[in-house]
Structures are given as C-alpha cells and as structure tokens.
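One-letter residues, chain by chain:
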Amino acid sequence: MSKNDFNINDLIIDQTKYDFRNPEIYAFKTLPGLNEKIIHEISESKNEPKWMLEKRLESLKIFESKPLPKFGVDVSDLDLNKIIAYIKPNAERSNNWDDVPEEIKDTFEKLGIPEAERKALAGVGAQYDSEIVYQNIRKDLENLGVIFMDMESAVKKHPDLVKEHFMKASPANGHKYAAFHGALWSGGTFLYVPKNVKVSMPLQAYFRMNNPGMGQLEHTIIIADEGSEVAFIEGCSAPFYNTTNVHVGTVEIYVKESARVKYVTIQNWSKNTYNLNTKVSLVDRDGVMEWVSGSLGSQKTMIYPASILRGKGAKNETKAITYSGSNQHMDTGSKVIMTAPYTSSTVDARSISVGGGWAFYRGWLKIGENAKGAKASVQCQALMLDNESKSDTVPLIEVHTDDADVGHEARIGRIKQEQIYYLMTRGLSEAEAKAMVVRGFVEPFAKELPIEYAIELNRLINLEVESSIG
Amino acid sequence: MKELLRIKNLKAITTDDGTVILNGVNLTINEGEIHAIMGPNGSGKSTLSNVIMGSPKYEVTEGDILFKGQSILDLSTDARAKLGIFLSFQTPEEVDGVKMRQFLLNAYRNIHSEDTITALKLNKLINEFTDTVHLDKEFLNRYVNTGFSGGERKKSEIMQMGLLKPKMAILDEIDSGLDVDALRKVAESINKFKCENMGILMITHYQRVLDYVKPDFVHVYNKGKIATTGNADLALKVEENGYANI
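On a predicted model such as this, the values are computed, not experimentally measured, just so you know. (Residues numbered from 1 in each chain as written. Chains lettered and ligands numbered in written order. Predicted model: local features only at pLDDT ≥ 70, side-chain atom pairs only at ≥ 80, totals over all residues.)

**Some points on the overall build of chain B**
Point 1. Looking only at helices and strands, chain B has seven helices and 12 strands in total.
Point 2. The C-alpha radius of gyration computed for chain B amounts to 18 Å, which stays within 12% of the reference 18 Å derived for 246 residues, consistent with globular compactness.
Point 3. With the C-alpha coordinates aligned to their principal axes, the bounding extent of chain B is approximately 50 × 40 × 40 Å.
Point 4. When the 246 residues of chain B are sorted by exposure, 43% land in the buried category.
Point 5. Taking as baseline every contact in chain B between residues at least 6 positions apart, the subset at least 24 positions apart corresponds to 72%. (Helix = DSSP H or I, 4+ residues; strand = E, 2+ residues; numbered from the N terminus. Rg over C-alpha atoms; globule rule 2.2 N^0.38 Å. Buried ≥ 20, exposed ≤ 12 C-beta atoms within 10 Å, placed from the backbone. Contact = placed C-beta atoms within 7 Å.)

So, in structure tokens, the structure goes:
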C-alpha cells in the first residue's frame, strides 16, 4: 500500500480502533490526589531506592508552592485531587508477549504494536496504565551495549546514569506540572546508546491508559552518547470516558557531541484527556536534535518540545502538526534556546482547526549573546477549515547578539475556494478535495514518518469534512 | 450528429457583487465538432467556461446549459466532470504538498469510477501520458501546479484531458504564454488525444492555435454574448482586421 493512494476512509478516525475499554482490572491503585502518604505508597510498591523517594518528596514541596502557569489552556475544571496517579496493572514486566496477560496483550495487538515490532522496529516498550508491561530490544543492539528498559528497572540497575540525568533537563522547579510529574512519575523508558553506535531502525514506546480518572506520568530518558544515532517513536491512546484523565509525561534527551536523535510523537489521547507534557533536549557540540511532533488527540494539550543548543554547532529541527477538532483546545509550539556559537535551528509548525477547535501556536526562540553566527528560522502556518474554528500564533523571538541570522514567517488562512473548485473539476467531491488540500498541508510532517505511521496519520486526521461543509 | 452541449440564452452574474457577466449566450456543440470562441481581453470568454463547469464564483440567472439533453445547472462541479465535461485552465490552481501522481490517480479513479484498472496499470498509463506530452517523469513527484512554468502548466492540463478522456473538452487559452514550438507540441497532443466523438471548445485570444487545431465553427464573443458565428475563415478575418471591425 502506498501512502499516496488516496482513500477518504483513511482520513476518518476509526474510533473503534482506539476507543475500546478493558475491564478495570489492576493489581494495586492509590487513592485519588497527591500527598506524602500516596508518594510513600508508590515508592514502596516500586521498591525504590531512598534517593528517588526523596526526589519525589522534594517535588511535592515544589508542587505545593508553585502557582499554575499563567498561559495555555484553561484548567479550571481539572481537579488534580481527583486524579488517581498510580494504577499498577495486573501484569509483570516481560520481554515476551506470551507472558503478557491476554487482555492487555489483546489491547496492544489491536493497536498493531507487536506487528510493527516484527516489521519495522528495533525495540518496543509498552506501558499499560502506570507500568511498562512489555519491553524488548533486538539482541544485536543489546550486544552493542544499547540499554533499553523501563525506567523503574533503570533506577535500580543503572543508578549512576539515571541520577546524572533524571530531571536535569526538565527540573521539578521548571513549572507546576513538572513538579507534579516529579512527585508521581511512573513507567516510561530509559534508553542509552553507546558511543558511535548507529541504531538503524527506530525504537518505539506506546502508552495506553485503560482506567478512568487516572493520570499517566511516564518518564523517558534518552542518552545518545558521542557520535551515536537513534530514532525513537512514541504513540499514545486511551478509550473515552466521561471522567477526566490526565497525562503528564516528561521526556529528557541528552544529545552528546556529534550525536543525532530523532524523536517522533503521534499523540492521540481520547477527548477526555488533559495532556500537559514536557519535552526537553540538551544538545552538545555538533549534535542534532529532530523533533517530529504530532498532537492530534486529547481535550486540551500543552506541549512545546524544547531544544537547548549548548554546544558549538548544535542543531535543532522541529516539525510539528497540531489538529484541533470539536471541543479541543491545543496549545502547542516549540522552544529553542541557543547559547553557543554557530548553532542553528529550523521550526516548521502547522495546525489545522475544524469543528470549533482552537489551535494556538506558542513559540519561543532565544538566541543568547554567546551564540555568534547562529541561524534560526521559525515558520508557523494555521489552516482553519470552517468559520467556528480558531487559530492564534504567538511566536516570541529574542535575539541578544548582532551576529545572528533569524527568519520568521506566520500565516493563518483557510482553504482557497479556487483550490477546491480546481480539484472538483477533476471529479473529486468537495469533501475529497478538502481532504486532499489538508493532506498536502501536513505533507512536510508526514514525510518525516516511517511509512506505517504516515498511513496511521492519515487515519488519525479526522477531517470532519462533512461538518465543515455544513 | 448527436448534440453534446447546448447553451440556451445563458445569463449569469458574479456571486460576490452581482455584476452581469454573461448576457444571453447561445451555443450548440455536437459530438466530434471543434468550436472556437474568440474575443478581446475582458470580454468574458473564460467566464463562460467556468459557468459551464459550475464555478461557485458565478450564479446563473436565466437560461440553461444542457449536456446530452439534460440540464446540468443543478449539478455540482464534480458531477459535471463525471458526466464527461473537462476544463483546461488558463492558470491552474496550485495545491502545495500534493504530488501530481497522487492527484492524477485520484482524478482518474473518480472520473472513471467503473474502471477496475489496477494501481500498477494506472501508474503505467500515467507514465505513458506524461511521455506523450513531453514531460519528464520527475514532474509526477512535483506538487500540483506548484512552481510550474507556463509550458509545463499547459502540458499538464492537456495530459489530464488525455488521461480523463472527456466527451466535451473546454480549453481555456491553451495557447497563452507559449512560444511557437511549444504551441505546436501542445496542439499535436490535443489532436492526438481527441477521440472521434469528443467535442472541443477552444477559447482563445489569437488565431494561431487554430492553424494546428482546426475549428469547424468560430464564434466571436463580445460583451457577454456571441456576436458573430462563422467558419475557420472568420478567425483569419479577426486576425487581419481586429475585433473592432467584425
């Protein structure tokens, strides 16, 4: 199947594919809310070393003292005291799908994870509610010294590496949700790629929330040592519930000298989910960080993948697509801080809003006084498919050196009637024509994805074209 | 000869400000006939082709357009295209991010909806048509009309006519912006793609394209209607004497 073969059905979210619930079975869960007792329970359940418990308690204090962010989505109807932060699935971690309980395995089968693993991935981690239930990497990579495991195991098996990097790129005092995460984190992936090891196929982590009213707070750390290369894909989904779920994940990426990391996200949370995520990358000399960020699901999202280019010649490339359908408010963007000479960055952020959705681009580019010879461009484009939908762009650019080359372009618009007419003269219906224009709009993003995911993206973008025609 | 397209006392206005742009056009085209409409700039020639295709920019206020005896006024643009009416645009719209091949595959599948051609064969067919109009294969990987030169646009539009095999083809200023060599090549392609029963309506400013695609009828158009009708000689007269003296 070619990704260019157009089929209108590819564009409709097949709700049955993501919206299925398993019974609420779990081994253990905490009471809703956040307090010292709950933190002790989580830490004990994980049998954590003392230093991690202390970090959690420290984060709790920061959480209690920090005000809410003064920007972004309205969180007045999000009551964190009602969120169950930790639900341990009724399953042990395994590197063999056969060991995963039938119902949970079935969930990931429906999402196509084991199949993708066989076909196109070097390794997979699968998280169900608060814990990783499956994690495996190809033996040849393991033999080269690649470490790919759930975060809890890494805390115990590689304490020095974890201590050195855990919440260093995204510290607990960064903002209130970072502190919330620091106190309650559970699950996620730890990946270390040794010097000069180039991982040719991507690794993937998939996050599934099954229980209502829960919070998923996985923590991901990627360390790409000098001269190494790796691509990492994260996907996520949940069944729809009438109660609020929240996802407060954190991703920290360390790109060492001349290393290259590509981090791809296809976020498709159900529309009862608050997705308040933090992703930060620290990039050393001549390192390259690529963010490919697709924000498609959730009720409300705040995500601004960040790169701090602190080594000479470090590079950032961000390609982001945001889809905001009915009842969605997506506050997405990018953050690039350039502190070293000859660093460079390109940001191409696009959004689609339809059916009353609101897509807000928020960007921050800062070029420090030491970043002589820096080059940066920021391009944001917003496409509104109907009159009820909203779009905003707030790209903030701060330049503290005279010796920098900065370009910026922002465009907000609608599909041109002339384009639709032209395509209709070639036999496409109005809905198909609109779908085609939108597909063209997301093409620069889609072509960054492995083909399986590009097809998946087409499925994920529910154009709601029928309603937008009205 | 069977009637293909019949335009009866057609009057139309622009949708945005109600300006009258067609003022009682009458025209009948039978199967296999080639008609040319000539007229000065700004006489509304291109508007007629867009009204026939059902452009949302115009509204018909009086008269009718019949295709094979049936009114098409209530049909959407894509429904008209599926009946077999094709319009080659003077300046086709750019659709960024959509590759020509993807676009052509979709157009073909929609127009020939009963055709069960395999993807492989259809791709081959598209390659053949691309060759016929002297376009490079790389052209199929470019985005629809984006950054095309004048010549590439015309070749692309005519290639679509060949691929979609309409019953009635309207070619709007297919000669504009082409040098003599390019014009000859495009005209050769038109003749190659014209099957026996296809009706063609050429809309043009200049006579020269009619040296290559010979019309059965020539209409001189002015002020939103057809002023004079004749044979190919009328085009030569226009060329000699100008529109003002016809």
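That covers the picture; the talk isn't over yet.
**A closer look at the overall build of chain A**
Point 1. Regarding its fold elements, chain A presents 13 helices and 25 strands.
Point 2. A globule of 470 residues ought to have a C-alpha radius of gyration of about 23 Å, and chain A, at 21 Å, matches this closely.
Point 3. Each of the three principal axes of chain A carries a C-alpha extent, and together these read 65 × 55 × 45 Å.
Point 4. Residues classed as buried in chain A amount to 57% of the 470 residues present.
Point 5. Of the contacts formed within chain A by residues at least 6 apart in sequence, a portion of 82% connects residues at least 24 apart.

**Observations concerning the interface of chain B and chain A**
Point 1. Residue-level contacts link 26 residues of chain B with 22 residues of chain A.
Point 2. Elements with a minimum of two residues in the side of chain B that touches chain A: helix H2 (77-83), strand E7 (95-99) and helix H3 (100-111) of chain B.
Point 3. The element best represented in the side of chain B that touches chain A is H3 of chain B, accounting for seven residues.
Point 4. In terms of residue class, the side of chain B that touches chain A is built from 12 nonpolar, eight polar and six charged. (Nonpolar A, V, L, I, M, F, W, Y, C, P; charged D, E, K, R; others polar.)

**With respect to the sheet that holds strand E5 (residues 70-71) of chain B**
Residues and elements named next belong to chain B.
Point 1. Spatially, four strands are ordered E2-E1-E4-E5 in an open sheet, and the strand pairing comes out antiparallel. In this open sheet, the two edge strands, each paired with only one partner strand, are strand E2 (20-30) and E5.
Point 2. Examined bridge by bridge, strand E1 (residues 3-14) and E2 share eight bridges and lie antiparallel to one another. Bridge pairing links Ala 12 to Leu 22 in E2. (Pairing = 2+ DSSP bridges.)

**Here's the deal with the packing of H3 of chain B against helix H5 (residues 150-164) of chain B**
Residue and element names in this part refer to chain B.
Point 1. Relative orientation of the contacting elements H3 and H5 amounts to 35 degrees, with a least axis distance of 10 Å. In this structure, H3 crosses over H5, and the sense of that crossing is right-handed. Contact residues: Leu 104, Ala 107, Tyr 108 and Ile 111 in H3; Gln 160, Leu 163 and Leu 164 in H5.
Point 2. Taken together, the residues of the contact of H3 with H5 break down into six nonpolar, one polar and no charged. (Axes fitted to C-alpha atoms, helices over the stretch in contact; angles between N-to-C directions. Left-handed = near helix turned anticlockwise from the far one by under 90°.)

**Describing the nonpolar core**
Point 1. Judged by nonpolar contacts, the single largest core of 208 residues is most densely connected at Val 255 of chain A together with Met 202 of chain B.
Point 2. Here this core gets nine residues from one element, more than from any other, and that element is helix H11 (residues 430-446) of chain A.
Point 3. If we ignore the near neighbours within four places in the chain, the residues touching Met 202 of chain B are Ile 34, Ala 36, Leu 171, Ile 174, Val 209, Val 213 and Pro 215 of chain B. (Core = buried A, V, L, I, M, F, W, Y, C linked by C-beta atoms within 7 Å.)

**Some remarks on the sheet that holds strand E6 (residues 85-88) of chain B**
Residues and elements named next belong to chain B.
Point 1. Spatial ordering of the open sheet is given by E6-E9-E10-E3-E11-E12, a layout of six strands whose pairing is mixed. Bordering the open sheet on either side are E6 and strand E12 (225-230), each of which pairs with just one other strand. The sheet shows a mean angle of 20 degrees between the axes of neighbouring strands, taken without regard to direction.
Point 2. In this sheet, strand E11 (residues 217-222) lies alongside strand E3 (residues 34-38) in parallel orientation, the contact comprising four bridges. Directly across from Ile 37, in E11, lies its bridge partner His 219.

**Examining the pairing of strand E13 (residues 260-268) of chain A**
All names here are of chain A.
Point 1. The element E13 is largely enclosed, with a buried count of seven among its nine residues.
Point 2. Pairing of strand E10 (residues 229-237) with E13, which is carried by nine bridges, proceeds in the parallel orientation. By the bridge assignment for E13, Ser 237 is matched with Asn 268.
Point 3. In terms of strand pairing, E13 meets strand E16 (residues 288-295) through eight bridges, oriented parallel. Within E16, the position partnered with Ile 266 by the bridge is Gly 294.

**A word on unusual backbone geometry**
Point 1. For Asn 47 of chain A, which is not a glycine, the phi torsion comes out positive at approximately 55 degrees.
Point 2. Among the structural elements, Asn 47 of chain A can be located in the loop between helix H2 (36-45) and helix H3 (50-65).

**Observations concerning the packing of H2 of chain A against H3 of chain A**
All names here are of chain A.
Point 1. At a minimum axis distance of 10 Å, the contact between H2 and H3 shows a crossing angle of 155 degrees. It follows that H2 is roughly antiparallel to H3 by the angle criterion. Between H2 and H3 lies a crossing of right-handed hand. On H3, the residues that touch Glu 36, Ile 39 and Ser 43 of H2 are Met 52, Leu 53, Arg 56, Leu 57 and Leu 60.
Point 2. By residue class, the composition of the contact of H2 with H3 is five nonpolar, one polar and two charged. (Parallel < 35°, antiparallel > 145°, perpendicular 65-115°, else oblique.)

**Quick word on the pairing of strand E20 (residues 329-338) of chain A**
Residue and element names in this part refer to chain A.
Point 1. With nine of 10 residues buried, E20 is to be regarded as a mostly interior element.
Point 2. Alignment of strand E17 (residues 300-303) against E20, held across four bridges, turns out to be parallel. Counterpart to Lys 300 in the pairing with E20 is His 329.
Point 3. Strand direction decides the pairing type here: strand E18 (residues 306-309) and E20, joined by four bridges, are parallel.

**A word on the environment of Gln 135 of chain A**
Point 1. Mapping Gln 135 of chain A onto the fold places it in strand E4 (residues 131-137).
Point 2. For the pair formed by Gln 135 of chain A and Gln 204 of chain A, sequence separation is 69 residues and the distance between their alpha carbons is 9.7 Å.

**As for helix H4 (residues 102-110) of chain A**
Residues and elements named next belong to chain A.
Point 1. Along H4, the residues that are buried comprise Ile 104, Lys 105, Thr 107 and Phe 108. Angularly, the buried residues of H4 cover 150 degrees about the axis, an arc narrow enough to put them on a single face.
Point 2. Looking at the buried residues of H4, the elements they touch are helix H5 (113-120), strand E3 (123-128), E4 and strand E7 (203-208).
Point 3. Two residues or fewer after H4 comes Gly 112, characterised by a positive phi angle close to 80 degrees. (Arc of directions from axis to C-beta.)

**A short note on H11 of chain A**
Point 1. Here H11 of chain A contains 17 residues, and its C-alpha end-to-end distance of 23 Å stays within 8% of the 24 Å for a straight helix at 1.5 Å per residue.
Point 2. At Gly 440 of chain A, H11 of chain A is deflected by roughly 35 degrees, the largest bend along its length, and proline Pro 444 of chain A occurs up to four residues later in sequence. (Expected span 1.5 Å × (residues − 1). Bend = angle between axes of the 7 residues up to and from the residue.)

**What about the environment of Gly 97 of chain B?**
Point 1. You can see Gly 97 of chain B is positioned in strand E7.
Point 2. Separated by 146 residues in sequence, Gly 97 of chain B and Tyr 243 of chain B have C-alpha atoms that sit 42 Å apart.
Point 3. When residues no more than four places from it in sequence are discounted, the contact partners of Gly 97 of chain B are Gly 440, Phe 441, Glu 443 and Pro 444 of chain A together with Tyr 143 of chain B.

**What to know about the confidence of the model for chain A**
Residues and elements named next belong to chain A.
Point 1. When the pLDDT values of chain A are averaged, the result is 90; 93% of them are 70 or greater.
Point 2. Low pLDDT, under 50, characterises residues 1-15; the stretch is placed with 28 contacts to residues that sit more than four places away or in other chains.
Point 3. Of the regions scoring below 50 in pLDDT, residues 462-470 engages in 24 contacts with residues more than four places distant in sequence or in other chains. (pLDDT = per-residue confidence, 0-100.)

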